[in-house]
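For reference, the chains in residue letters:
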Amino acid sequence: MMKKVICALLLTMFLAIALVGCRGKEEPVATTPEEVYVPVEVEKAETKFIGNNITLNGKIHANDEAVVLPKVPGRVTAVNVKLGDYVHRDSVLFTIDQKDILRNIEQTQQSINLAQKSVDQAENSITTAQINYNSIKENIENAEVNLQRTRELFEAGAAPKTQLEQAELAASRRPLEVAESQIRQAEIGYQQALNQLAQAEITHQQAQSALEDTVVRAPMSGVISSLNIIAGELASGAQPLATIADIDKVYIKVDVTENIVNTLYTGQKVSVDIPAALEEAVEGRIDFISPTVDNNTRLYIVKVYINNKDRKIRTGMSASMALDLDSRDNVMVINRRAVLDKEGDSIVFIVEGDHAVEKQVSLGMSTASEVEVVEGLQEGDQVIVKGQQYVADGERVKIVGGE
């Protein structure tokens, strides 16, 4: 019995070993060959604008500024403006004490009145001297007629010599000469009186002008950008009372180097960005290019004016100016990374179907990221911009990125 059990166990072990051996000799499963391609990224060739853009930083300045100085010194009695106020030309800003000047005006008026009296008196003196002259002249003319008759009588022996002598004395023109001298003296006195009157009137006008100068007016329209006086303080010409800035029109001032200045021109379009005042950049044009270098910075000043009617833009704000040093419009443009050099020729690869095709191209203007294609491509061509170094003409590719 025991022998039968042992034989059964041995048979079971033999069958198990045989089955394991059969499994180790199974046939391998067939596989599909792996697909071969080069992954690439592409961008389309486009007809568009291309330009070399630079950005220059600067500051905002007022279109014009005026310093307000008093024409006469004195104590300020009224200040009619505050810092930041907008004022119009000729509006009253300050008033200076007028008491002393008013007294001076009164005194100069009295001087005019006295000088006018002197003129009137001198004029009367001329009239009196003229009347006296005419009277003396008439008497002399009568005496000359009497002298002629007396001389005839004397020559006929009908009149004594004493009578002739008296007639000659009466006909003397010496009194007439004296009267003429008196007229000249009166005329000189009259002219002196007129001069004194004119001087008094000039002094009076100066006093009136000084009174007008105590009212300090705005020399231009603009914003009060600085205010250096309060009521009660003394004002003099040594210190400005205020500064007025015209900010209805402002300009951005930038400094450029000598290698850039000659690429710019007046009227050139620029884009001006003022982040603190404007949400978007505004278009402007170059209005001024300095013909000479600044001796301190060795740079050239460029200005671009901007309308600022709402006065949001303030002087001193930071601003930037973007412009194209060179540009082309309506030209074929591709990504600059796509271009490879092959034995001195410029080539690119485009994708046609699922293969790479080599194209020789002629290039034009280039920027930091793009280049103009003069010949060799058509608009819409899918140009390989990444992976082109690893493909050959006609090689299979697969687009995995880009447009």
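Predicted model, so just to flag it, every value in this text is computed and none were measured.

## A closer look at the overall build of the chain
Point 1. When you go through the chain residue by residue, the secondary structure sums to five helices and 20 strands.
Point 2. Over its C-alpha atoms the chain spans a radius of gyration of 55 Å, topping by over 25% the 22 Å that the globule rule assigns to 403 residues.
Point 3. Oriented by its inertia axes, the alpha-carbon framework of the chain measures out at about 225 × 55 × 35 Å.
Point 4. In the chain, which comprises 403 residues, the share counted as buried stands at 32%.
Point 5. Excluding contacts between residues fewer than 6 apart, the proportion of contacts in the chain whose partners are at least 24 apart in sequence is 75%.
Point 6. As presented, the chain carries roughly 25800 Å² of accessible surface, and 49% of it is formed by carbon and sulfur atoms.

## Description of the domain arrangement of the chain
Point 1. With domains assigned, the chain is organised as domain 1 (39-51 + 329-399), domain 2 (99-209) and domain 3 (248-328).
Point 2. Here the C-alpha centre of domain 2 lies 112 Å away from the C-alpha centre of domain 1.

## Describing the environment of valine 272
Point 1. One can find valine 272 in strand β10 (residues 269-273).
Point 2. Measuring from C-alpha to C-alpha, the distance between valine 272 and alanine 198 comes to 61 Å, with 74 residues separating the pair along the chain.
Point 3. Discounting chain neighbours no more than four positions away, the residues touching valine 272 are Ile252, Ala281, Val282, Val304, Ile306 and Ser320.

## A look at the sheet that holds strand β8 (residues 234-235)
Point 1. Within the open sheet, the four strands sit side by side as β6-β5-β3-β8. Their pairing is antiparallel. Among the strands making up the open sheet, the edge pair consists of β6 (215-217) and β8.
Point 2. With two bridges joining them, strand β3 (residues 74-79) and β8 adopt antiparallel strand pairing. Paired with glycine 74 across the two strands is alanine 235, which belongs to β8.

## A short note on the side chain of glutamine 268
Point 1. For glutamine 268, the location among the structural elements is in the loop between α5 (258-261) and β10.
Point 2. We classify glutamine 268 as buried; its relative accessible area is 4%.
Point 3. What glutamine 268 contacts, discounting residues up to four positions off in sequence, is Thr263, Gly284, Arg285, Ile286, Leu323 and Asp324.

## Section: the packing of aromatic side chains
Point 1. Evaluated as defined, the whole model comprises one aromatic pair.
Point 2. Note on tyrosine 251 and tyrosine 305: the rings are 5.1 Å apart at their centroids and 50° apart in plane angle, and the pair reads as tilted. Of this pair, tyrosine 251 sits in strand β9 (residues 242-256) while tyrosine 305 is found in strand β12 (residues 300-307), placing the two residues 54 residues apart along the sequence.
Point 3. Its relative accessible area of 11% is what places tyrosine 251 among the buried residues.
Point 4. A relative accessible area of 24% places tyrosine 305 in the partly exposed class.

## Observations regarding the nonpolar core
Point 1. Membership of the largest hydrophobic core comes to 30 residues, with the highest contact counts inside it found for Val256, Ile274 and Met321.
Point 2. Elements with a contribution of two residues or more to this core: β2 (46-68), β9, α5, β10, β11 (282-289), β12 and β13 (318-335).
Point 3. Broken down by element, this core gets its largest block of residues, six residues, from β9.
Point 4. Once residues within four sequence positions are removed from consideration, isoleucine 274 is found in contact with Ile60, Ile306, Ile313, Met317, Ser318 and Ala319.
Point 5. Core analysis: the second largest hydrophobic core is formed by 22 residues, Ala66, Leu93, Phe94 and Ile229 among them.

What counts and how
Residues numbered from 1 in each chain as written. Predicted model: local features only at pLDDT ≥ 70, side-chain atom pairs only at ≥ 80, totals over all residues. Heavy atoms only, no water. Helix = DSSP H or I, 4+ residues; strand = E, 2+ residues; numbered from the N terminus. Rg over C-alpha atoms; globule rule 2.2 N^0.38 Å. Buried < 20%, exposed > 50% of the residue type's maximum accessible area, 1.4 Å probe, protein only. Contact = heavy atoms within 4.5 Å. Areas by Shrake-Rupley, 256 points an atom, 1.4 Å probe, with all protein chains shown as cover. Domains from an automatic or database assignment. Pairing = 2+ DSSP bridges. Phe/Tyr/Trp six-rings, centres within 6.5 Å; stacked < 30°, edge-to-face > 60°. Core = buried A, V, L, I, M, F, W, Y, C linked by side-chain atoms within 4.5 Å.

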